Amino acid sequence: MDTQIIQVDEQHIQINLLRQAGEIIKAGGLVAFPTETVYGLGGDALNPDSSRKIYEAKGRPSDNPLIVHICRMEDLPYLVKEIPEAAKKLADAFWPGPLTMIFRKSPAVPTETTGGLATVAVRMPSHKTALSFIREAGGYVAAPSANRSGKPSPTCAKYVEEDMAGRIEMILDGGDVEIGLESTIVDMTEEIPVILRPGYITKEMLEEALGSVREDGTMMSDESGQAPKAPGMKYRHYAPKGSLVIVDGEEARVTAYINEQLERLRREGHRTGVIGTDATIARYRGDVCKSAGSREDENTIAKELYRILREFDDEEVTAIFSESFDTAGIGQAIMNRLLKAAGHHMIHL
Ligand code: AMP
Ligand code: MG
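Residues numbered from 1 in each chain as written. Chains lettered and ligands numbered in written order. Predicted model: local features only at pLDDT ≥ 70, side-chain atom pairs only at ≥ 80, totals over all residues. Heavy atoms only, no water.

Caption draft 1: View of the overall build of the protein chain. The helix and strand tally for the protein chain stands at ten helices and 16 strands. For a compact globule of 349 residues, the expected C-alpha radius of gyration is about 20 Å, and the protein chain comes in at 20 Å, within 12% of that figure. Principal-axis analysis of the C-alpha atoms gives the protein chain an extent of 60 × 50 × 35 Å. Taking all 349 residues of the protein chain together, 56% fall into the buried category. Counting contacts in the protein chain only where the partners sit at least 6 residues apart, residues at least 24 apart contribute 68% of the total. Of the accessible surface of the protein chain, which amounts to about 14,400 Å², a share of 47% is contributed by carbon and sulfur atoms. Separation between the mean location of the 40 positive side-chain charges and that of the 53 negative ones in the protein chain comes to 3 Å. (Helix = DSSP H or I, 4+ residues; strand = E, 2+ residues; numbered from the N terminus. Rg over C-alpha atoms; globule rule 2.2 N^0.38 Å. Buried < 20%, exposed > 50% of the residue type's maximum accessible area, 1.4 Å probe, protein only. Contact = heavy atoms within 4.5 Å. Areas by Shrake-Rupley, 256 points an atom, 1.4 Å probe, with all protein chains shown as cover. Lys, Arg positive; Asp, Glu negative; His and termini not counted. Charge placed at Lys NZ, Arg CZ, Asp CG, Glu CD.)

Below, the structure is given as structure tokens:
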């Protein structure tokens, strides 16, 4: 299959191009598109064959449900059994935006789309290209991240092309995404809503809108003994080809420890890498040293993390060390993804 790549601009929506993309979805094909979080791999959410194609293109286990993307609040009731009061509040506060909510599904949603579950995940993204594309595609677009299973989610069209060229009909290239980590997922089927995956919409923000929320016990640890409630969270995600170890502790000790390890590993024949920050990166003596951004603005770190993980693969780095980040605010989402990439390998000094 030839994959058509089309340039789109959020500031100048070319509706004829998005209509063409929408037609592909309506005909049962797949189109990757930009959102504010990461690129999505879209298919018709109401067509079981489209969902099967998404799993195949991603190489993803079919028990891992897809998020259904909508472009208008009026379209939500068709997908769900009921809309709890708390969900209305969260939609008011954060939609369109990087928040996914889990509802009991209506019969309109095929179980192929929900990985066999009786619940459905729904999001209304804020990216203008995404919203117009969803409308042109018929209003219900199932889309997981547009990476091959096991790779970091793509934050620009080049990475979508690397993973999906020849497997899907079209890629809408809207440049770099704004946030860089996947949406926050909140389960609205429980009495007190439960955060299943941390993201740009933080626990503090949800609490402000709702009063109280809980967190899934498996979110930051792999030792809780529970199975994660978002099926996708149980798979080893975002894993770089090299080994990755997170080092936590006082700054000077972390730098010294990592440099010691780098020297040892290089002697053993490794190509070494470091994920540091603007303030520390010059102190490291790895073969490839990358700053994820500034601790003063952790949004920069969220935005760069997946690109950096992919670059270490491209540059064939075999042993990587990363500094650790605060788990307040967006830091919780950063550490959740970093811990998964490291297979929870973290050293406390
Ligand atoms: P992705 O779109 O690639 O970020 O992956 C979608 C994430 O949403 C995965 O981690 C899924 O397990 C999760 N998800 C989707 N639908 C549901 C659902 N009905 N219940 C719980 N988690 C879900
Ligand atoms: Mg994903």
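Caption draft 2: Representation of the sheet that holds strand S6 (residues 119-123) within the structure. The strand order S1-S8-S2-S3-S7-S4-S6-S5-S9-S10-S11 describes an open sheet built from eleven strands, whose pairing is mixed. The outermost strands of the open sheet, each flanked by one partner alone, are strand S1 (4-7) and strand S11 (214-215). Across four bridges, the pairing between strand S5 (residues 99-104) and strand S9 (residues 184-187) is parallel. Residue pairing for S9: Met101 is matched across the bridge by Val186. Each of strand S3 (40-44) and strand S7 (141-142) touches helix H2 (residues 48-58); the most contacted strand, S3, lies at about 155° to it. Packing against the sheet, helix H6 (residues 157-164) makes contact with S1, strand S2 (31-33), S3 and strand S8 (170-173), and its axis sits at approximately 165° to S8. (Pairing = 2+ DSSP bridges. Axes fitted to C-alpha atoms, helices over the stretch in contact; angles between N-to-C directions.)

Caption draft 3: Structural view of the packing of aromatic side chains. Inspection of the entire model under this criterion finds two aromatic pairs. When the ring of Phe33 is compared with that of Phe133, the centres are 4.9 Å apart and the planes differ by 45°; the resulting orientation is tilted. With Phe33 in strand S2 and Phe133 in helix H5 (residues 128-136), this pair connects stretches of sequence that are 100 residues apart. Using a relative accessible area of 0% as the deciding quantity, one classes Phe33 as buried. It is Lys290 that lies over the ring of Phe312; its NZ or CZ is 5.8 Å from the centre. (Phe/Tyr/Trp six-rings, centres within 6.5 Å; stacked < 30°, edge-to-face > 60°. Lys NZ or Arg CZ within 6 Å of the ring centre and 35° of its normal.)

Caption draft 4: Broad picture of the packing of helix H9 (residues 298-314) against helix H10 (residues 331-341). At a minimum axis separation of 9 Å, H9 and H10 run at an interaxial angle of 20°. Viewed along their axes, H9 and H10 adopt a mutual orientation that is roughly parallel. The interaxial crossing formed by H9 with H10 has left-handed handedness. Here H9 contributes Glu298, Ile301, Ala302, Leu305, Tyr306 and Leu309 to the contact with H10, which in turn contributes Gly331, Ile334, Arg337, Leu338 and Ala341. Among the residues forming the contact of H9 with H10, the class breakdown is eight nonpolar, one polar and two charged. (Parallel < 35°, antiparallel > 145°, perpendicular 65-115°, else oblique. Left-handed = near helix turned anticlockwise from the far one by under 90°. Nonpolar A, V, L, I, M, F, W, Y, C, P; charged D, E, K, R; others polar.)

Caption draft 5: Up close: the nonpolar core. Grouped together as the largest cluster of nonpolar side chains are 62 residues, with contacts concentrated most on Trp95, Leu99, Met101, Phe133, Leu172 and Leu206. At five residues, helix H1 (residues 15-26) tops the list of elements feeding residues into this core. Apart from the residues within four sequence positions on either side, Leu206 is in contact with Leu90, Phe94, Leu99, Thr184, Val186, Ile195, Ile201, Gly211 and Val213. Within the second largest apolar cluster, 26 residues are counted, among which are Ile246, Ala302, Phe312 and Val317. (Core = buried A, V, L, I, M, F, W, Y, C linked by side-chain atoms within 4.5 Å.)

Caption draft 6: Focus on the packing of H1 against H5. Running from amino to carboxyl end, H1 crosses H5 at an angle of 50°, the nearest separation of the two axes being 7 Å. Taken together, the axis directions place H1 and H5 in an arrangement best described as oblique. In terms of crossing hand, the pair formed by H1 and H5 is right-handed. Along the contact surface, H1 presents Ile15, Leu18, Arg19, Ala21, Gly22, Ile25 and Lys26, while H5 presents Thr129, Ser132, Phe133 and Glu136. Looking at the contact of H1 with H5, its residues break down into five nonpolar, three polar and three charged.

Geometry only, nothing functional implied.
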